[in-house]
Amino acid sequence: MAAKGRKGSRPGKVQMDSDRSGRSIGSAVNVAINSGFVVGREVLVGSIPGIVVGYNIASFGQFIGNAYPLVVRTALGVTKCGMDEVALA
């Protein structure tokens, strides 16, 4: 029995042209870096303290890098954050 053909997308998932999304993700990460959100920097996610541990370069899924460019470690775990969700501590 042959497997059914799939288009590789699921409801609620955002897919973009990989070349175009790569540029926008790079731009979002550069904006974050130029705004002071560098690896090791202490930040606040709402009122919860955390540390920037990396950058999100995902080009598909629910948390794509151009919308959520920061990866932050808090006492509650690691999360991907948008620029509007964090503040420099």
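Scroll up for the structure.
The residue numbers shown here count from 1 along each chain, following its written sequence. Selection of residues for local features in this predicted model requires a pLDDT of at least 70, selection of side-chain atom pairs for listing and counting requires 80 or more, and totals for whole chains, interfaces and linings are taken over all residues. Side-chain numbers come from the whole structure's heavy atoms, not from hydrogens or water.

1. So, the nonpolar core
Part 1 of the reasoning: The biggest cluster of nonpolar side chains holds eight residues, and these are A32, F37, V43, V52, L70, V72, C81 and V86.
Part 2 of the reasoning: Apart from the residues lying within four places of it in its own chain, the contact partners of A32 are F37, L70 and M83. Buried residues of nine kinds, namely Ala, Val, Leu, Ile, Met, Phe, Trp, Tyr and Cys, make up a nonpolar core once their side-chain atoms join them within 4.5 Å. Classification of residues uses two cut-offs on accessible area relative to the type maximum, computed with a 1.4 Å probe and protein chains only: under 20% is buried, over 50% is exposed, and between them is partly exposed. Residue contacts follow a heavy-atom distance rule, with two residues in contact if any of their heavy atoms lie within 4.5 Å.

2. Comments concerning the sheet that holds strand β7 (residues 86-88)
Pairing between sheet strands relies on hydrogen bonds along the backbone, with the strands arranged either parallel or antiparallel.
Part 1 of the reasoning: As summarised here, the arrangement of the five strands in space is β6-β5-β3-β2-β7, forming an open sheet in which the pairing is antiparallel. Looking along the sheet, the strands with just one partner apiece sit at the ends: β6 (77-81) and β7. For this sheet the average axis-to-axis angle between neighbouring strands, irrespective of direction, equals 40°.
Part 2 of the reasoning: By the convention used here, strands pair only if DSSP detects at least 2 bridges between them. Secondary structure elements follow DSSP: runs of H or I of four or more residues count as helices, runs of E of two or more count as strands, with numbering from the N terminus. The pairing of strand β3 (residues 48-55) with strand β5 (residues 70-74) spans five bridges and is antiparallel. Note on β5: the bridge partner recorded for G54 is V71. The axes are straight lines fitted to the C-alpha atoms, using for helices just the contacting stretch, and the angles between their N-to-C directions are given from 0 to 180°.

3. So, the pairing of β3
Part 1 of the reasoning: Where strand β2 (residues 42-45) and β3 come together, four bridges link them in antiparallel fashion. Paired with V43 across the strands is G50, a residue of β3.
Part 2 of the reasoning: The turn joining β2 and β3, which pair antiparallel and follow one another in sequence, is formed by two residues; a positive phi near 70° is taken by G46.

4. Here we look at the packing of aromatic side chains
Part 1 of the reasoning: The rule is short: rings of Phe, Tyr and Trp, with Trp giving its six-membered ring, pair when the centres are within 6.5 Å, and they are stacked under 30 degrees, edge-to-face over 60, tilted in between. According to the stated counting rule, one finds one aromatic pair in the structure shown.
Part 2 of the reasoning: Relative to Y68, the ring of F63 has its centre 5.2 Å away and its plane inclined at 70°; by these criteria the two rings are edge-to-face.
Part 3 of the reasoning: Relative accessible area serves as the criterion here: at 23%, Y68 is assigned to the partly exposed category.

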